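Single-letter residue listing:
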Amino acid sequence: MTNASFFSGEGTEIGSCRTMRRQVLLFLSALCLKYVLGQVSYSIPEEMAKGSVVGNIAHDLGLDLKRLKSGNARVYTGGGVEYIGLNKERGVLLVEQRIDREALCGETTPCALHFQLILENPMELFRVTVEITDINDNTPTFTNSEKRFEISESAVIGSKFVLEKAVDSDIGMNGLQQYSLAPSDHFVLKLESQPDGTKKVEMVLQKPLDREKKDYLSLLLTAMDGGEPQMSGTMQIFVTVLDVNDNAPTFAKPLYRAKLQENSPKGTSVTTVSASDKDIGSNGKLSYLISTSKRVLSELFNINPKTGEIILVGEIDYEKANSYQIDIEVVDSGGLSDSAKVIVDLIDVNDNSPQINIVSKSESISENSPTNTVIAMLSINDPDSENNGNVVCDINDSIPFKIQTTVNGFYTLVMEFLLRTN
Ligand SMILES: [Ca+2]
Ligand SMILES: [Ca+2]
Ligand SMILES: [Ca+2]
Ligand SMILES: [Ca+2]
């Protein structure tokens, strides 16, 4: 896992401010030591186990193990943390402490440790650089595990909703690479590069919402890195679809029929109409009314605005009208409406007695008047209908007269047999 490169003579520029400072220090040290013998570089991944070998420095610098001992060889970090230590017996550099590239360098690349190997008797100084390479040890993560939106069902196509960015502390391909959003039937993901190198994450409405079909959506936003193996983090997105008044109320039937006995008392329930509305809340709150402009109807019938029950409030007489047509309407709180008709047929009751009127009569008749001589003409009238209005006309048996039916409710009283005189 490690590799080393060895440079003879004076050190090569490494290229960070920290290195520059160290080089100034080294230069001052070199003045005392007269010279710096060389430089060696290694490259190891972060997070190697404590005690892992970084490199065989004795071999790479051409030093034998006795010299390391006699020269009391040691690592000099200039007061910094000693991540890498020297094993004099084996002549190797070993990992002394956990090396976390993210903590050490953040987003800076390359990431390297710089220190010296110092020997005495005679004094010698070697520069050592250990480059720390990234491993994919961070998952892309979101600060929040979920985000909730309340979106009107009337939101237009193309409406944008900002989502949260994920964070992955690794660098390069091990860092954040892409996002996905599922399901994608209503919203699609839109990524927009920003000057700081991150991406603006948004979801865009691509198919209209319909609260009446689906009032709640659940989506999953996934962020992925490009490491091997790939790591990902997720965030739940919940969308509550808010209602708008996009449905008119509808009557269950366009025509209602009811039968009602004439003379029914006020307060009698005629029928109950009903309508439905797919919206919710005030958008689906219904109110019923009689929309007819005929005053006579509004004086006879009332409708309960909440229940749709039609109540008789006036007096109805079959002989005046045997049927009523009531126009009704239902309105939601948003003003959308529907109409229907209620036909009320009255049922006749026998509430009229036949009326007998004498149209004309003879004041007197002679005793020898022949049979069938007309004595009086009667008109009998009953305003009830059908059987209730059918009249049967009769007269006592013990008198010498009989009733004869003519037409249209007219009757005649005629002689039946000759009158006798004493
Ligand atoms: Ca890492
Ligand atoms: Ca990562
Ligand atoms: Ca409605
Ligand atoms: Ca609606």
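The name that an unreviewed UniProt entry assigns to the chain is Protocadherin beta-16-like, with the source organism given as Pundamilia nyererei. Listed under Subcellular location (unreviewed entry) in UniProt, the entry text for the chain is "Cell membrane".

## A word on the sheet that holds strand β9 (residues 146-152)
Within a sheet, adjacent strands bond to each other through the backbone by hydrogen bonds, running parallel or antiparallel. Across the sheet, which stays open at both edges, the four strands sit in the order β9-β15-β14-β11 with mixed pairing between neighbours. Whereas interior strands pair on both sides, the edge strands pair on one side only; in this sheet they are β9 and β11 (176-182). For this sheet, the mean angle separating the axes of adjacent strands, direction not counted, is 20 degrees.

## A word on the coordination of the calcium ion (ligand 2)
Protein coordination at the calcium ion (ligand 2): the donors are Asn136 (OD1), Asn138 (O), Asp168 (OD), Asp168 (OD), Asp170 (OD), Asn174 (O) and Asp225 (OD), at 2.2 to 2.8 Å from the metal. Motif for the calcium ion (ligand 2), donor spacing along one chain: N-x1-N-x29-D-x1-D-x3-N-x50-D. With a gap of 51 residues between them, Asn174 in the loop between β10 (160-162) and β11 and Asp225 in strand β14 (residues 216-225) connect regions that are remote in the sequence. Asn174 gets classed as buried once you look at its relative accessible area, which sits at 14%.

## What to know about the coordination of the calcium ion (ligand 1)
Those donors, Glu46 (OE), Glu102 (OE), Glu102 (OE), Asp134 (OD), Ile135 (O), Asp137 (OD) and Asp170 (OD), are the protein atoms that reach the calcium ion (ligand 1), and they lie 2.2 to 2.9 Å from it. If you list the donors of the calcium ion (ligand 1) from N- to C-terminus, the spacing comes out as E-x55-E-x31-D-I-x1-D-x32-D. Here Glu46 is found in the loop between β2 (38-45) and β3 (53-55), whereas its partner Asp134 is found in the loop between β8 (124-133) and β9, with 88 residues between them in sequence. Accessibility assignment for this pair places Glu46 and Asp134 in one class, buried.

## Focus on the UniProt feature "domain: Cadherin" (unreviewed entry) in the chain
According to UniProt, the feature "domain: Cadherin" (unreviewed entry) maps to residues 86-142, 143-251 and 252-356 in the numbering used here. The straight-line gap between the two end C-alpha atoms of residues 86-142 is 41 Å; of that span, 9% is helix and 44% is strand. The span residues 252-356 is 6% helix and 46% strand, and its two end C-alpha atoms sit 50 Å from each other.

## A few points about the nonpolar core
Nonpolar side chains tend to gather and get buried jointly when the protein is soluble and globular. Counting residues in each nonpolar core, the largest one holds 27 residues, and the members touching the most others are Ile44, Ile84, Leu93, Leu117, Val128 and Val130. Elements supplying a minimum of two residues to this core: β2, α2 (57-61), β6 (92-95), β7 (111-119) and β8. Residues in contact with Val130, not counting those within four places in the same chain, are Tyr42, Ile44, Val54, Ile84, Cys111, Ala112, Leu113 and Phe115. Listed in part, the 26 residues of the second largest apolar core include Ala258, Leu260, Leu286 and Val344.

## Considerations on the state of the cysteines
What the rule picks out here adds up to one disulfide. One disulfide bridge connects Cys105 with Cys111, the sulfur atoms lying 1.9 Å from each other. Residues Cys105 and Cys111 share a disulfide whose torsion about the S-S bond is about 70 degrees; that sign makes it right-handed. Here Cys105 and Cys111 have matching classes, each one buried.

## Quick word on the packing of aromatic side chains
Taken as a whole and judged by the stated rule, the model has seven aromatic pairs. For the ring pair Phe161 and Phe187, a centre distance of 5.9 Å and an interplane angle of 85 degrees mean the geometry is edge-to-face. Residue Phe161 is found in strand β10, and its partner Phe187 is found in strand β12 (residues 187-193); the two are separated by 26 residues along the sequence. Between Tyr216 and Phe238 the ring centres are 6.0 Å apart and the planes differ by 15 degrees, which places this aromatic pair in the stacked class. With Tyr216 in strand β14 and Phe238 in strand β15 (residues 232-242), this pair connects stretches of sequence that are 22 residues apart. Assessed through its relative accessible area of 37%, Tyr216 is described here as partly exposed. Its relative accessible area of 11% is what places Phe238 among the buried residues. Cluster of aromatic residues (ring-pair linked, three or more members): Phe149, Phe161 and Phe187.

Each value, and the rule that gives it
- Residues numbered from 1 in each chain as written.
- Chains lettered and ligands numbered in written order.
- Predicted model: local features only at pLDDT ≥ 70, side-chain atom pairs only at ≥ 80, totals over all residues.
- Heavy atoms only, no water.
- UniProt positions renumbered as here; feature names shortened; annotations may be inferred.
- Pairing = 2+ DSSP bridges.
- Helix = DSSP H or I, 4+ residues; strand = E, 2+ residues; numbered from the N terminus.
- Axes fitted to C-alpha atoms, helices over the stretch in contact; angles between N-to-C directions.
- Donors = N, O, S within 2.8 Å, 3.2 Å for Na, K, Ca; no water.
- Buried < 20%, exposed > 50% of the residue type's maximum accessible area, 1.4 Å probe, protein only.
- Core = buried A, V, L, I, M, F, W, Y, C linked by side-chain atoms within 4.5 Å.
- Contact = heavy atoms within 4.5 Å.
- Disulfide = S-S within 2.5 Å.
- Phe/Tyr/Trp six-rings, centres within 6.5 Å; stacked < 30°, edge-to-face > 60°.

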